[in-house]
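Overview (structure and organization)
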Amino acid sequence: MGFGTLLWAPFRTLRRNPAPVFGTGLVVQLASAIATAAVFVPFLVLAIGRIESASTEDLDAIMAGTIGWLILLTLVPVAVGVVAGAFLQGVMVVEVASGTLGERLGFGALWRRAARRIGPLIGWTLLVSVVVLGVFTLLAAIVVMTALNAPDPVAIIGVVLVVVLLLLGLAVLGAWLGTKLALVPSVIVLERAGIAQSVRRSWALTTGYFWRTFGLILLVGLIVSTVAQTVVQVPVLGGTIVAVILDPTGGATYEAVTIGSTLVGTVLSILVGAIVAVVQAALIAVIYIDLRMRSEGLDLELERHVEAREAGLPVTDPFEPVPTGGPAPTWA
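The structure presented is a predicted model; accordingly, all values stated were derived computationally and were not measured.

1. Some points on the overall build of the protein
Within the protein, the secondary structure is distributed over 12 helices and 0 strands. Traced from its N-terminal end to its C-terminal end, the protein shows the element sequence α-α-α-α-α-α-α-α-α-α-α-α. Each principal axis of the C-alpha atoms in the protein carries an extent, and together these give about 80 × 50 × 35 Å. Of all 332 residues assigned to the protein, the portion counted as buried reaches 34%. Put simply, 74% of the contacts in the protein that link residues at least 6 apart link residues at least 24 apart.

2. Examining helix 4 (residues 75–100)
If you check helix 4, its first and last C-alpha atoms are 37 Å apart, about what 26 residues at 1.5 Å a residue would give, namely 38 Å. After helix 4 finishes, the residue Gly-102 shows a positive phi value of roughly 80°.

3. Looking at the pattern of salt bridges
Close approach of charged atoms allows side chains of opposite charge to pair. Counted by the stated rule, this structure contains 8 salt bridges. Ionic pairing is found between Glu-296 and Arg-201, a salt bridge with its closest N-O pair at 2.7 Å. Taken together, the positions of Glu-296 in helix 11 (residues 252–296) and Arg-201 in helix 9 (residues 195–206) put the pair 95 residues apart, joining distant regions of the chain. Linked through salt bridges whose partners overlap, the residues forming this network are Glu-191, Arg-201, Arg-292 and Glu-296.

Criteria and thresholds
Per chain, residues are indexed from 1 in the order of the written sequence. pLDDT decides what is reported in this predicted model: residues at 70 or higher carry local features, side-chain atom pairs at 80 or more are listed and counted, and totals for whole chains, interfaces and linings draw on all residues regardless. Only hydrogens and water are removed before side-chain values are computed, so all heavy atoms of the structure are retained for them. A run of H or I in DSSP becomes a helix once it reaches four residues, and a run of E becomes a strand once it reaches two; helices and strands are each numbered from the N terminus. Type-normalised accessible area, obtained with a 1.4 Å probe on protein chains alone, sets the label of each residue: buried when under 20%, exposed when over 50%, and partly exposed for intermediate values. The criterion used for residue contact is that any of the two residues' heavy atoms lie within 4.5 Å. An expected span of 1.5 Å times one less than the residue number is assigned to each helix. Each reported salt bridge corresponds to a side-chain nitrogen of Lys or Arg within 4 Å of a carboxyl oxygen of Asp or Glu.

Shape descriptors only; they carry no functional weight alone.
Structural data, given as structure tokens:
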């Protein structure tokens, strides 16, 4: 596949089978939003009530406990996001693979096939999340400890500059590792491999195609992010401007228009977020298939699979490598 074909392939995936594909992305976005609201809204209502009614002597202890619980409760939506994101990756890999074979699967078939590999997918997503969170937590701890123990402003500025340089270096390292390991979810699902084997396979498949893979991921990410921000922010900014024009004093009309524009922006954010998540996950699956075509002749295996299927002959899984000395797994 050419660069242009690869660039627009994820968008065509969404258009080819929109109901289950977009529906899955929407379920993922709603699950994350509902989990966040269900955890934080009651907690914030309770916390604000306690803070307002607390005495001066108890205020510091209540604030410390509130911050501690806030950090702890953050793990709930994070966990939901990890599971939902892993499931979406699995669904999109299955959708792209089945679309390559000319199949159009519904919700049930897509979800059942993705659910078979949900364990390793969650493990991989959790591993990446823990590593990223650990790195940023370490950097934040360095800045905080320096600010507390080094009253000299020059020392604080020096540490901040060092941290900024470290962040730039980590960004480059993250882009490199992220590109080399981008195909891990696809390998986990289609080749039914474990995490360690999938890491090795992704590394091998992207060897010699790093800049092509990096460019596709970056370009599609910029396209969908720009469109998403434009679609979401325009109604919010427009609502703010209209509210100021209609009610410059900040009265009831101003509040009503602001609330309405915020609700519209929230709904659009969920809908657009679903599309963005689907497109980005589909892109990784498309790149995986393209690289296997280039390095392993997968396109020929796919042609043979379709021809045998059309002829009514028994077929095997065209995506999973055949183990040496063993039978090929059945495509189901």
